[in-house]
Amino acid sequence: MSTAPKTVQSKESTLSEKGLKAGSVGLIGAVVIGVSCIAPAYTLTAALGPTVSEVGVHLPAIFLVGFIPMLLVALGYRELNNAMPDAGTSFTWATRAFGPWIGWMGGWGLIAATIIVLSNLAAVAVDFFYLMLGQIFSNPSLADLSKILPLNIATTLVFIAGACWISYRGMETTKGVQYVLVAFQLLVLGWFAVSAFVHVANGTAFDATAISPDWFNPFAVDSFSSFAAGVSLSIFIYWGWDVTLTMNEETKNPEKTPGRAATITVLVIVIIYMTVALATLSFAGVGETGLGAGNPENQSSIFAVLAGPVMGPFAILMSLAILSSSAASLQSTFVSPARTMLAMGHYRAISPRFGKISPTFKSPSFATIAAAIAAAAFYVITRTVSENALWDTITALGMMICFYYGITALACVWFFRASAFSGVRAFFFKFLAPLLGGVILLVMFVKTAMDSMDPEYGSGSSVGGVGLVFVLGMGVILLGVVVMLVMYRLRPEFFKGKVL
Amino acid sequence: MRYVVGYTANARGHDAVHLAVALARNQDVSLDLVLVIPEDSPFNAVYPPEAGYDDILNQQAQRWLDEGLALVPDDITARGHIRRGDSEAQALIDAAVELDAAALVIGATNGGLFKRFTIGSVAGSLLHSSPVPVALAPHGYQRTDAITRLSCGFGTRPGADELLDVAVESARDRHLPLRLVSLLALDGGNSLTLADAAWMHAADRLAAVGNSTPDAPLPEPEIVVAQGRTIEEAVDRLDWEDGEILLIGSSRLAQHRATFLGSTANRILRALPVPMIVVPRDYTRQSS
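Quantities reported herein were computed from a predicted structural model and do not represent experimental measurements. (Residues numbered from 1 in each chain as written. Chains lettered and ligands numbered in written order. Predicted model: local features only at pLDDT ≥ 70, side-chain atom pairs only at ≥ 80, totals over all residues.)

Trainee: Go over the overall build of chain A, please, and point to the residues and values.
Mentor: When you go through chain A residue by residue, the secondary structure sums to 18 helices and three strands. Here the C-alpha radius of gyration of chain A, 23 Å, is about what a compact globule of 500 residues would show, namely 23 Å. Dimensions of chain A, computed from C-alpha atoms along their principal axes, come out at roughly 85 × 55 × 50 Å. A buried classification covers 59% of the 500 residues belonging to chain A. For chain A, long-range pairs separated by at least 24 residues make up 78% of all intrachain contacts whose partners lie at least 6 apart in sequence. (Helix = DSSP H or I, 4+ residues; strand = E, 2+ residues; numbered from the N terminus. Rg over C-alpha atoms; globule rule 2.2 N^0.38 Å. Buried ≥ 20, exposed ≤ 12 C-beta atoms within 10 Å, placed from the backbone. Contact = placed C-beta atoms within 7 Å.)

Listed below in structure tokens is the structure:
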């Protein structure tokens, strides 16, 4: 008896194309996913200070304006996702639209942005880890441990390694945990805002500042440079919002849930950002001394400084909220650069070793470890070079997001060029929105890049007379160009368009 | 009959395929190699999205499965299946139930350094919940020739008779010599008396089972009592044939028709040089 072996691909009918359980996410679930991807407690503590340093009291205006290019690009993103649901990401989309060279750089930009955010997430988690230790044991000297450079770097590397290990093993945050994390973050941020307003009302605020309609006027920002810097920072605070737009079969109602969830998510986020931004400005003002939001000392992590004076003994909740949300994001964010590198390795755009999948855990093996090493290296370099690494990395990150997002948006315009004028809807979603969004982002990118050459830019760190933010942002992109050229010499088949 | 083989493209998966082939040799058995790939939780959303990954993972799984099927010799029918699940153990159980499999075959190890069996997490969960017998291949199991002898470990606890039934029937169907193994851990104590008692008990049980199936042309089973200061030592002192396999019952704590590896079985597993099949409580064999 001899029967040839045969393989049966038994795909369960309840599974979506993306390997997610179909129909498992309702509207609230989708909003929770959206908010958790944004991680508002982490984004606010990381971005609020640097944005205030650029635009001062016009923070609420910039936070609102920053959403516009994000929205425009996301509309195009959604069209690409519907047209090529399996194709994936900036790398494959941009490759199909503009060819291998720009596609490669789009992929590189995305990987670089996620690597930078990984190193920043780990650093923020470490800061609040020590801060929380200090609060638990009522011993402020424990909180100061994070300022000891070797200890800080060592702890951050441990956090990165831990998240990498969890991601490599394929362990995931469950629904229950995600609900708790999101609810807790929103609750604590609300608590912070209410406490701050109570202090203002009682006259116990640090620098009570009356809210003025002018704060909401983006045109009152004193220069285009500040405006551009502010917008590229506020792109970062909405980064993650569009995740719900890429969902489909996994939702209970693929027609309506993603759009509604995106709308509710942005409402929740805007409300919480506005409330916290107004509370922070009213309580602390934008002064450059003491607790002022304009004090460079406070800007790398605003809640680390303000939570204590505002929330009193309950400041520990803020530490816990930020620590938990940044640790959860750290672990989940590892998946994206690892998978993008894996795809690039698979399509021979980089060494095929990146395309390896662990037979035991069925997760990207080489690429996950590479992402961890890159994030660790990035952190060690910025931490040793910069006086204020968190601040500068967030600014560089904003630039990087503008870069790859801009490319993706224009890829959308180019990809749909033939059908763009087939109707009003197509014209708007496939052409006008992504074109405007892409152009705005790339203009912000170029403007920020040029301004950041000034050694006084950002936290004021510089390398060889050039601003550190420029060195980080452009350095990473130039490094990408160099690696790309090396790859072209080593494996030209991808660049000759033979693979994708 | 069908056996579901929990396949992974590493040493553990190869052990499992080798054992499944050995068990299927000269039997009317076909193999279903099941490769489980993780099901992403939407609550762990990948951002920025990377939807292309799924295709790549599927292609890779397909290649792995082809490699696994290539390990199966031509005289045995084998099919491959790719399953999605957040728990590998649960996905294998689901596949076994769905395919009406008579047993699940897996590699037990995690590549432990010192013990032959360091139970991996998948094997661990399977042994706590599988409704069908679970065959565990020890680390580095290479043999693919047919099984040469069946051993059955047994004690005095409830369930021992049912296990003996399964062992006697299996040995008869497969024309294998049967050996009853009683393992005793004795620290000092009156070892001779206890060993005698164990031997007597085994003979009694065997007689009872033999009487209930009068048409059994089964060669006279061998009864051995192994002693040691620990169970592990008792296992080490026994002689094991290369082609032997040990049948063992599941713990009293097991839910009805599910396996549960008791502490004794667990210790046997760690010392055992041959494959082991853990039979669920109240299990009745599929007729072939």
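Now that the structure is up, let's keep going.
Trainee: Run through the interface of chain A and chain B, naming residues and quoting values.
Mentor: With 50 residues of chain A at the interface, the matching set in chain B holds 41 residues. For the side of chain A that touches chain B, the secondary structure elements donating two or more residues are strand 1 (6-8), helix 1 (27-38), helix 5 (100-136), helix 8 (175-202) and helix 13 (335-346) of chain A. Considering every element that reaches the side of chain A that touches chain B, the biggest residue donor is helix 13 of chain A, with seven residues. For the side of chain A that touches chain B, the per-class residue count stands at 17 nonpolar, 22 polar and eleven charged. (Nonpolar A, V, L, I, M, F, W, Y, C, P; charged D, E, K, R; others polar.)

Trainee: Can you lay out helix 7 (residues 149-168) of chain A for me, pointing to particular residues and giving the numbers?
Mentor: Residue and element names in this part refer to chain A. In this model helix 7 runs 28 Å from its N-terminal to its C-terminal C-alpha over 20 residues, within 8% of the 28 Å that 1.5 Å per residue would give. Looking at helix 7, one finds that the buried residues are Thr 155, Thr 156, Phe 159, Ile 160, Ala 163, Cys 164, Ser 167 and Tyr 168. Of the surrounding elements, those touching the buried residues of helix 7 are helix 5, helix 12 (315-333), helix 13 and helix 14 (366-385). The first or second residue beyond helix 7 is Gly 170, which carries a positive phi of 75 degrees. (Expected span 1.5 Å × (residues − 1).)

Trainee: Please give an account of the pairing of strand 1 (residues 2-6) of chain B that cites residues and values.
Mentor: Residue and element names in this part refer to chain B. Taking burial as the measure, the five residues of strand 1 include four buried ones, the bulk of the element. Regarding the hand of the β-α-β motif, the stretch spanning strand 1, helix 1 (residues 11-24) and strand 2 (residues 30-38) is right-handed. Direction of pairing for strand 1 relative to strand 4 (residues 103-107): parallel, over a ladder of three bridges. Bridge pairing in strand 4 places Val 4 opposite Leu 104. (Right-handed = clockwise from strand over helix to strand, strands pointing away. Pairing = 2+ DSSP bridges.)

Trainee: An account of helix 1 of chain B is requested, with residue identities and associated values reported.
Mentor: Counted at 1.5 Å a residue, the expected span for helix 1 of chain B with its 14 residues is 20 Å, and the 20 Å between its end C-alpha atoms agrees. Trailing helix 1 of chain B by a residue or two, Asn 26 of chain B shows a phi angle of about 60 degrees, which is positive.

Trainee: Any details on the packing of helix 5 of chain A against helix 12 of chain A? Residues and values, ideally.
Mentor: Residue and element names in this part refer to chain A. Helix 12 packs onto helix 5 with a crossing angle of 150 degrees between their chain directions and a minimal axis gap of 8 Å. Here helix 5 is positioned roughly antiparallel relative to helix 12, judged by the angle of their axes. Between helix 5 and helix 12 lies a crossing of left-handed hand. (Axes fitted to C-alpha atoms, helices over the stretch in contact; angles between N-to-C directions. Parallel < 35°, antiparallel > 145°, perpendicular 65-115°, else oblique. Left-handed = near helix turned anticlockwise from the far one by under 90°.)

Trainee: Can you explain the environment of Arg 237 of chain B? Please cite residues and give values.
Mentor: Residues and elements named next belong to chain B. The residue Arg 237 is located in helix 7 (residues 231-237) in this model. The spatial distance from the C-alpha of Arg 237 to the C-alpha of Ser 151 is 15 Å, given a sequence separation of 86 residues. Each residue touching Arg 237, except ones within four places of it in the same chain, is listed here: Ala 226 and Gly 228.

Trainee: Residues and numbers for unusual backbone geometry, please.
Mentor: Between Tyr 47 of chain B and Pro 48 of chain B the backbone carries a cis peptide bond, its omega angle lying at -10 degrees. Within the secondary structure, Pro 48 of chain B sits in the loop between strand 2 and helix 2 (52-70). Even without being glycine, Ser 138 of chain A reaches a positive phi, approximately 45 degrees. One can find Ser 138 of chain A in the loop between helix 5 and helix 6 (140-143). A positive phi is found at Arg 348 of chain A, a non-glycine position, where the angle reads about 65 degrees. With respect to the helices and strands, the residue Arg 348 of chain A is situated in the loop between helix 13 and helix 14.

Trainee: Residue-level account of the pairing of strand 2 of chain B, with values.
Mentor: Residue and element names in this part refer to chain B. Strand 2 sits mainly inside the fold: seven of its nine residues count as buried. The sheet contact formed by strand 2 and strand 3 (residues 78-85) spans eight bridges and is parallel. Bridging from a neighbouring strand, Ile 37 pairs with Arg 84 of strand 3.

Trainee: Describe the environment of Pro 219 of chain B, naming the residues involved and giving the relevant values.
Mentor: All names here are of chain B. Looking at the secondary structure, you find Pro 219 in the loop between helix 6 (191-212) and strand 8 (222-228). Residue Pro 219 is classed as exposed on the basis of its 12 C-beta neighbours within 10 Å. Distance from Pro 219 to Pro 177, taken between C-alpha atoms, is 6.7 Å for residues 42 residues apart in sequence.

Trainee: Residues and numbers for the confidence of the model for chain B, please.
Mentor: Residues and elements named next belong to chain B. Taken residue by residue, chain B gives an average pLDDT of 83. The fraction at 70 or more is 83%. Looking at the elements of chain B, mean pLDDT is at its lowest for helix 6, recorded as 70, and at its highest for strand 1, recorded as 96. Predicted complex, confidence summary: ipTM 0.87, pTM 0.89. (pLDDT = per-residue confidence, 0-100.)

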